[in-house]
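Residue-level listing of the chains:
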Amino acid sequence: MLADLDKHIEELGPRQELCRRRMMVSKILVILGSCLLLGIGFGPFRFREGVFVVGIAMLSGGILWWYSNKDTLLDTRQKVIFLSKIRADIIAVGDRVDDDDDDDDDDDDD
């Protein structure tokens, strides 16, 4: 039981890292999309529909992807915390059972 919990907690670690990486990529998308739109608005780029659509897609897609991965990361962190608490409870119960067994053994020696 304890080994299964440890294995499950370890499997959630790479998932958290993947979410963090995706969040970083989504921030880059937001920055690039914003730069394109600002470039169109303030003049360095001529207005072209294709560039405008790409800028909007990068900005909105980056925002949506960031929030999606943020929620997944928070859910994963909550699972890790929950499983860690269960693991700690199992260990605490096991320690209490071991302590009770030691006390019973002392009574039998008298």
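Quick note: structure is the one above.
From a predicted model like this one, the values you see are computed outputs, not experimental measurements.

Q: Describe the overall build of the chain, and please don't skip the residues or the numbers.
A: Each helix and strand counted, the chain has 2 helices and 0 strands in total. Relative to its 110 residues, the chain shows a buried fraction of 16%. Long-range pairs, those at least 24 residues apart, make up 78% of the contacts in the chain between residues at least 6 apart in sequence. Carbon and sulfur atoms make up 60% of the accessible area of the chain, which totals about 8,200 Å².

Q: Provide a residue-level description of the nonpolar core, including the pertinent values.
A: Ranked by size, the top nonpolar core spans 5 residues in total: Leu5, Ile9, Leu12, Val80 and Leu83. Among the secondary structure elements, those contributing two or more residues to this core are helix H1 (2-42) and helix H2 (49-109). Top contributing element to this core by residue count: H1, with 3 residues. Sequence-distant contacts of Val80, defined by excluding residues within four places in its chain, comprise Ile9, Leu12 and Gln16.

Q: Before we move on, could you go through the packing of aromatic side chains and cite the residues and values that matter?
A: In this structure the tally under the stated criterion is 2 aromatic pairs. Relative to Phe52, the ring of Phe47 lies with its centre 5.6 Å away and its plane at 50°, an arrangement referred to as tilted. The partly exposed category is assigned to Phe52, whose relative accessible area is 34%. A ring pair is formed by Trp66 and Tyr67, whose centres lie 4.9 Å apart and whose planes are at 80°; its orientation type is edge-to-face. A relative accessible area of 22% places Trp66 in the partly exposed class. The exposure class assigned to Tyr67 is partly exposed, which follows from its relative accessible area of 44%.

Q: Can you break down the side chain of Gln16 residue by residue, with the values?
A: For Gln16, the position within the fold is in helix H1. If we ignore the near neighbours within four places in the chain, the residues touching Gln16 are Leu73, Thr76, Arg77 and Val80.

Q: Got a sec to walk through a nonpolar patch on the surface? Specific residues and values, please.
A: Taken together, Phe47, Phe52, Val53 and Ile56 make up a surface patch of nonpolar side chains, about 370 Å² in accessible area. Following the sequence through the fold, Phe52 ends up in helix H2.

Q: With reference to specific residues and values, describe the environment of Val51.
A: Within the element layout of this structure, Val51 appears in helix H2. Since its relative accessible area comes to 27%, Val51 is described here as partly exposed. Separated by 14 residues in the primary sequence, Val51 and Leu37 place their C-alpha atoms 8.3 Å from one another. With sequence-adjacent residues up to four places away left out, Val51 is seen in contact with Leu36 and Ile40.

Calculation criteria
- Residues numbered from 1 in each chain as written.
- Predicted model: local features only at pLDDT ≥ 70, side-chain atom pairs only at ≥ 80, totals over all residues.
- Heavy atoms only, no water.
- Helix = DSSP H or I, 4+ residues; strand = E, 2+ residues; numbered from the N terminus.
- Buried < 20%, exposed > 50% of the residue type's maximum accessible area, 1.4 Å probe, protein only.
- Contact = heavy atoms within 4.5 Å.
- Areas by Shrake-Rupley, 256 points an atom, 1.4 Å probe, with all protein chains shown as cover.
- Core = buried A, V, L, I, M, F, W, Y, C linked by side-chain atoms within 4.5 Å.
- Phe/Tyr/Trp six-rings, centres within 6.5 Å; stacked < 30°, edge-to-face > 60°.
- Patch = residues over 30% accessible without salt bridge, like charges linked within 9 Å, V, L, I, M, F, W, Y side chains within 5 Å.
- Salt bridge = Lys/Arg side-chain N within 4 Å of Asp/Glu carboxyl O.

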